[in-house]
Amino acid sequence: MRPKRRIITFVCGVAIGVAFAASAGADAASAPKKPATPAPGSDAQEACRQHAVAAVQHRYESIRDLRARFVQTTRPASVGDRAAEKTTSRGSVVVAKPSRMRWSYESPEPSLVVSDGKTLWIYDPAFAEAQRMPADGAFFSGAALQFLLGRGDMEREFAIRLVSCEDKAVELELTPREPTSYEKLFLVANPGTGDVFRTRIDDLLGNSTVVEFSDLQVNLDPPADLFRFEPPANVRIIDLSQPSNR
């Protein structure tokens, strides 16, 4: 069976990560100024954490939409003594506030995840199958939905812990304050600009998904048609919008 549920989980959590990563192309001129490298100690570490959060939040708020290439690496939870084998997918993504996105997977096999803010489609051309579901809290965690809507607030949505603080990279561990489909989100960002260049999602089953973004472009005002999906002829449609089918 093909991993459609895994794709949904990816969309729920990484929706937040890609929203933050979008900040990489935003204007850095008015971003919070990076403080001097803190000396060891709890006060300095907290100052670094607060600065990093403020910088990333500022970046997120400064964008309307983004286009990027992505590499997604998923490592499933180990079973018994068997080591988990990672899988790598590549493609492109376009995200626009409010709550519109298009994930075009190119390898290792083509697939498409599209949402116009009302309906979410997952299209599997190899199986000639398309799943349709509401683009709401039924498949998106509350935090993911808020960030896609453009109303995300890191401090409100997450408990945030500083993992590391270096001159060129700060890592933050974000734990959702409300129940979600994932356990933690990790962001690696430039502390001076708030640019996020790597995210990691750890889900409730022990699976881990890393997404790295490149070739980011922001505020291009993509056309609305890009976020609509019309199933090709002879494609089987699975309607998950009805309670009986969930």
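Notes on the structure follow.

Cut-offs and rules
Residues numbered from 1 in each chain as written. Predicted model: local features only at pLDDT ≥ 70, side-chain atom pairs only at ≥ 80, totals over all residues. Heavy atoms only, no water. Phe/Tyr/Trp six-rings, centres within 6.5 Å; stacked < 30°, edge-to-face > 60°. Helix = DSSP H or I, 4+ residues; strand = E, 2+ residues; numbered from the N terminus. Buried < 20%, exposed > 50% of the residue type's maximum accessible area, 1.4 Å probe, protein only. Lys NZ or Arg CZ within 6 Å of the ring centre and 35° of its normal. Disulfide = S-S within 2.5 Å. Pairing = 2+ DSSP bridges. Axes fitted to C-alpha atoms, helices over the stretch in contact; angles between N-to-C directions. Contact = heavy atoms within 4.5 Å.

**Quick look at the packing of aromatic side chains**
Okay, so step 1: What the rule picks out here adds up to four aromatic pairs.
Okay, so step 2: Judged by centre distance (5.2 Å) and plane angle (75°), the ring pair of Phe 70 and Trp 103 falls under edge-to-face. Here Phe 70, found in strand S1 (residues 65–75), pairs with Trp 103, found in strand S3 (residues 100–107); they are 33 residues apart in sequence, far enough to count as distant.
Okay, so step 3: Between Phe 70 and Tyr 105 the ring centres are 5.4 Å apart and the planes differ by 80°, which places this aromatic pair in the edge-to-face class. Linking Phe 70 in strand S1 with Tyr 105 in strand S3, this pair joins segments that are 35 residues apart in sequence.
Okay, so step 4: For Tyr 105, a relative accessible area of 7% corresponds to the buried category.
Okay, so step 5: Every member of this aromatic cluster is reached through a ring pair, and the members are Phe 70, Trp 103 and Tyr 105.
Okay, so step 6: In this structure, Lys 97 is placed above the aromatic ring of Tyr 60, and the distance from its NZ or CZ to the ring centre is 4.1 Å.
Okay, so step 7: The residue whose ring lies beneath Arg 200 is Phe 186, and the NZ or CZ to ring-centre distance is 4.0 Å.

**Quick notes on the state of the cysteines**
Okay, so step 1: For the coordinates displayed, the defined rule picks out one disulfide.
Okay, so step 2: With its sulfur 2.0 Å from that of its partner, Cys 48 forms a disulfide with Cys 165. Residues Cys 48 and Cys 165 are joined by a disulfide whose S-S torsion is about 100°; by sign, that bridge is right-handed. With Cys 48 in helix H2 (residues 42–61) and Cys 165 in strand S7 (residues 158–165), this pair connects stretches of sequence that are 117 residues apart.

**Notes on unusual backbone geometry**
Okay, so step 1: The peptide bond linking Ser 107 to Pro 108 adopts the cis configuration, its omega dihedral lying at 5°.
Okay, so step 2: Mapped onto the elements, Pro 108 comes out in the loop between S3 and strand S4 (111–115).
Okay, so step 3: Even without glycine at this site, Asn 219 takes up a positive phi of about 55°.
Okay, so step 4: Looking at the secondary structure, you find Asn 219 in the loop between strand S11 (208–218) and strand S12 (236–239).
Okay, so step 5: Taking the relative accessible area as the measure of exposure, Asn 219 reaches 26% and is therefore partly exposed.
Okay, so step 6: A positive phi angle, close to 70°, is found at Asn 234, a residue other than glycine.
Okay, so step 7: Relative to the helices and strands, Asn 234 is located in the loop between S11 and S12.
Okay, so step 8: Taking the relative accessible area as the measure of exposure, Asn 234 reaches 78% and is therefore exposed.

**Observations regarding the sheet that holds strand S8 (residues 170–176)**
Okay, so step 1: Sheet architecture is open: twelve strands sit in the order S7-S8-S9-S10-S11-S1-S2-S3-S4-S5-S6-S12, paired in mixed fashion. Edge positions in the sheet fall to S7 and S12, since each has one partner strand and no second. Across the sheet, the mean angle separating the axes of adjacent strands is 20° when strand polarity is ignored.
Okay, so step 2: In this structure, S3 lies alongside S4, joined through five bridges in antiparallel fashion. Directly across from Met 101, in S4, lies its bridge partner Ser 115.

**Considering the environment of Arg 198**
Okay, so step 1: Of note, Arg 198 is situated in strand S10 (residues 196–203).
Okay, so step 2: For Arg 198, a relative accessible area of 31% translates into the label partly exposed.
Okay, so step 3: In contact with Arg 198, other than residues within four places in its own chain, are Phe 186, Leu 187, Val 188, Val 210, Val 211 and Glu 212.

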